[in-house]
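Structural overview
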Amino acid sequence: GSAWAIGDLGRLSVPPLVRQVIDSRLNRLGEEVRAALESASVIGQDVPFALWSAVSGVPEDELATVVARAVDAHLLTDARDGTRLRFPHALVREAMYERLLLPRRIEVHRQMAEILMRSPSVVPDTIAHHLQEAGDPRAVEWFIQAGVRAERIAWLTAAEHFRSALQLMRPHDT
């Protein structure tokens, strides 16, 4: 007679023991590395190196030193594509994100949105998310753009599926 239900996932946080392990690794690396990694945590699980440099304000040559230390501490891994890094586990990223105090978190989300808006390959969904997290009213406009984009992509995907079906039907005169 019991039923499973998923509760509010927004209230979940990193388990205390996991947080202690990550915090101890971060504390050994110093303030500069910690601050850079916290900025990276706002970007997401995958961290494009150039974007991270722009958001954190750390020049790429200095950021390379941060990366080396973070990889040695098992707080980042190399994605092997030459352009990005990854947090080794979602809990590592989440623990660093949770460490950010609200004013800094808002600031980094706003910086992310501003940088992404100048990008030639704009993804409205991502920009809308960062603006929403920053409490920026421009999020409404970007969510509308994201909705229009999603609608267009869904229709294009549907058209491609119908086109494939039509090509398969022709030889059989179906």
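Please refer to the structure placed before this passage.
Parameters at a glance
- Per chain, the residues get numbers from 1 upward, laid out in the order the sequence is written.
- Where local features are concerned, this predicted model is filtered to residues with pLDDT of at least 70; where side-chain atom pairs are given and counted, the filter is 80 or more; whole-chain, interface and lining totals use all residues.
- As a rule here, side-chain values come from all non-hydrogen atoms in the structure, and water together with hydrogens is ignored.
- Without a salt bridge and with relative accessible area above 30%, a residue can belong to a patch; like charges are then joined within 9 Å and nonpolar side chains (Val, Leu, Ile, Met, Phe, Trp, Tyr) within 5 Å.
- Values of accessible area rely on a 1.4 Å probe in the Shrake-Rupley scheme; residue burial ignores everything except the protein chains shown.
- A carboxyl oxygen of Asp or Glu within 4 Å of a side-chain nitrogen of Lys or Arg is what we treat as a salt bridge.
- Only four residue types enter the charge count: Lys and Arg as positive, Asp and Glu as negative, with His and the chain ends excluded.
- Throughout, a charge is located at the NZ atom of Lys, the CZ atom of Arg, the CG atom of Asp or the CD atom of Glu.
- Helix and strand labels come from DSSP, where a helix needs a run of H or I of at least four residues and a strand needs a run of E of at least two; each type is numbered from the N terminus.
- For helices, the axis comes from a line fit to the C-alpha atoms of the stretch in contact; other axes are also lines fit to C-alpha atoms, and the angle between any two N-to-C directions lies between 0 and 180 degrees.
- In this scheme, roughly parallel covers angles under 35 degrees and roughly antiparallel covers those over 145, while 65 to 115 is roughly perpendicular and the rest are oblique.
- Left-handed is the label given to a crossing in which the near helix is rotated counterclockwise from the far helix by less than a right angle, and right-handed is the label when the rotation is clockwise.
- In what follows, residue pairs with any heavy atoms lying within 4.5 Å of each other are defined as contacts.
- Throughout this entry, Asp, Glu, Lys and Arg are counted as charged residues, while Ala, Val, Leu, Ile, Met, Phe, Trp, Tyr, Cys and Pro are counted as nonpolar. The remaining residues, Gly among them, count as polar.
- Relative accessibility decides the category of a residue: with a 1.4 Å probe and only protein chains considered, values under 20% of the type maximum give buried, values over 50% give exposed, and everything between is partly exposed.
- Take the residue count of a helix, subtract one, and multiply by 1.5 Å to get its expected span.

With that out of the way, let us pick up a negative patch on the surface. On the surface, a cluster of negative charge is made up of Glu32, Glu60, Asp61 and Glu62. Looking at the negative patch element by element, the count peaks at three residues for helix α4 (residues 60-72). Structurally, Glu32 is set in helix α2 (residues 31-43).

Take the packing of helix α3 (residues 49-56) against helix α6 (residues 102-117) next. Each packed pair of helices is defined by two parameters, the angle between the axes and the distance between the axes. The interhelical angle for the contact between α3 and α6, taken along N-to-C directions, is 125°, at an axis separation of 9 Å. With respect to each other, α3 and α6 are oriented oblique. The crossing of α3 and α6 is right-handed. When α3 is examined against α6, the residues Leu51, Ala54 and Val55 are found in contact with a partner set consisting of Val108, Gln111, Met112, Ile115 and Leu116. In terms of residue class, the contact of α3 with α6 is made up of seven nonpolar, one polar and no charged.

Time to look at a nonpolar patch on the surface. Taken together, the side chains of Val140, Ile144 and Val148 present a nonpolar region at the surface, about 280 Å² in accessible area. Structurally, Ile144 can be placed in helix α8 (residues 139-169). Taking the relative accessible area as the measure of exposure, Ile144 reaches 54% and is therefore exposed.

A full pass over the atoms with the stated rule returns 16 salt bridges. A salt bridge links Arg99 to Glu38; the nearest nitrogen and oxygen atoms lie 3.1 Å apart. Taken together, the positions of Arg99 in helix α5 (residues 90-99) and Glu38 in helix α2 put the pair 61 residues apart, joining distant regions of the chain. Given a relative accessible area of 25%, Arg99 falls into the partly exposed group. Owing to a relative accessible area of 5%, Glu38 belongs among the buried residues under this scheme. The closest approach of N and O atoms between Arg86 and Asp46, which form a salt bridge, is 2.4 Å. Of this pair, Arg86 sits in strand β3 (residues 84-86) while Asp46 sits in strand β1 (residues 46-48), and the two are 40 residues apart along the sequence. On the basis of relative accessible area, Arg86 is assigned to the partly exposed category, the value being 32%. In this structure Asp46 comes out as partly exposed when scored by relative accessible area, which is 32%. Ionic contacts of the salt-bridge type, sharing partners, join the residues Asp23, Glu31, Arg34, Glu38 and Arg99 into one network.

Position of Ala139 among the secondary structure elements: in helix α8. A relative accessible area of 7% means that Ala139 is categorised as buried. Taking C-alpha positions, Ala139 is 25 Å from Ala36, a pair spaced 103 residues apart along the chain. Excluding residues within four positions of it along the chain, Ala139 makes contact with Ala128, Leu131 and Gln132.

With 13 residues, α2 ought to run about 18 Å at 1.5 Å a step, and its terminal C-alpha atoms sit 19 Å apart, in line with that. Those residues of α2 that sit buried are Val33, Arg34, Ala36, Leu37, Glu38, Ser39, Ala40, Ser41, Val42 and Ile43. Of the residues one or two after α2, Gly44 is the one with positive phi, at around 140°.

Below, the discussion takes up α8. Taking 1.5 Å of rise per residue, 31 residues should cover 45 Å, and α8 covers 44 Å from first to last C-alpha, within 8% of that figure. Its buried side turned inward, α8 meets α6 and α7 (124-133).

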